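An overview of the molecular structure
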Amino acid sequence: MTFVIAIDGPAAAGKGTLSRRIAEQYGFHHLDTGLTYRATAKALMDAGLPLDDEAVAETMAREVDLSGLDRAVLSAHAIGEAASKIAVMPAVRRALVEAQRAFALKEPGTVLDGRDIGTVVCPDAAVKLYVTASPEVRAKRRHDEIIAGGGKADYTAIFEDVKKRDGRDMGRADSPLRPAEDAHLLDTSEMSIEAAFQAAKTLVDAALKEKI
Ligand code: C5P
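The following paragraphs examine the structure supplied in this document. (Residues numbered from 1 in each chain as written. Predicted model: local features only at pLDDT ≥ 70, side-chain atom pairs only at ≥ 80, totals over all residues. Heavy atoms only, no water.)

**Side note on the sheet that holds strand β2 (residues 29–32)**
The strand order across the open sheet formed by five strands is β2-β3-β1-β4-β5, and the pairing between neighbours is parallel. Strands at the two margins of the open sheet, each flanked by one partner only, are β2 and β5 (184–187). Averaged over all adjacent pairs, the angle separating strand axes in this sheet is 20 degrees, with direction ignored. Bridge count for strand β4 (residues 127–132) against β5 is four bridges, and the pairing is parallel. Paired with Val131 across the two strands is Leu186, which belongs to β5. Here helix α6 (residues 90–104) sits on the sheet in contact with β1 (3–8), β2 and β3 (109–114), set at roughly 150 degrees to β3. (Pairing = 2+ DSSP bridges. Helix = DSSP H or I, 4+ residues; strand = E, 2+ residues; numbered from the N terminus. Axes fitted to C-alpha atoms, helices over the stretch in contact; angles between N-to-C directions. Contact = heavy atoms within 4.5 Å.)

Here it is, written out as structure tokens:
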């Protein structure tokens, strides 16, 4: 059986960077599942289709190609907002979860990050991490990222946005964002990404040892 690492948490908690580093460390395949929701939303927007028609959104979700997902193309704020709107639709989630589960089977192992990996997509994952940080810290990180990239950013607007996105992700009826009961919590508010990586590595090494 393949070795699955499930990493969940709210927007801008650092789970993307952490997931990539873990995948690299163990030579595992990585899927940022947020991109599957973003790609579905972008396809709808590009085609001029509504974001509130579940059947149309499901059709788009079933056409998403997991091998062609690129965060650079999908990073726009409007795409993230649209993604969190279609992510409340059960038919869209069913379609994307099916594709994510198929990806999770790749050998020798996989790292999937998102909102519902440990709870819904891969409940039998060998290691589950729930990466979080205070809304203030997450907003500041997002703000600094935009500034570092040469863009313009308003901290207060970003902070409000982080809280709004949290509310939508944690409050939806289907697969709300929450830690799995057996997830290890990693609060990165006052932890560097290197420290978070070392903590995660200790957990993964222990689980790998157990598997042999
Ligand atoms: O992680 P990212 O910000 O790219 O995700 C965009 C949106 O997709 C999230 O706000 C969330 O609503 C949705 N999502 C989800 N389940 C996942 C990953 C993302 O509902 N596993």
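This is not the end of the story, as more comes after the structure.
**Focus on the site of the ligand**
If you check the shell around the ligand, you find 15 residues, and the closest are Arg38, Arg71, Arg93, Asp116 and Asp169. At 2.6 Å from an oxygen atom of the ligand is found a side-chain nitrogen or oxygen belonging to Arg38. In the complex, 97% of the free accessible area of the ligand, which totals 450 Å², lies under the protein chains. Judged by the fraction of its atoms near the pocket grid, the ligand is located in the largest pocket. (Near = heavy atom within 4 Å. Polar contact = N/O pair within 3.5 Å; in protein donor to acceptor, adjacent residues only side chain to side chain. Areas by Shrake-Rupley, 256 points an atom, 1.4 Å probe, with all protein chains shown as cover. 1 Å grid on protein atoms, 1.4 Å probe; cavity = no way out; pocket = protein on both sides within 12 Å on 5 of 7 lines; lining within 4 Å. Sits in = over half its atoms within 2 Å of the grid points.)

Keep in mind that these numbers describe shape and distance, not what the molecule does.
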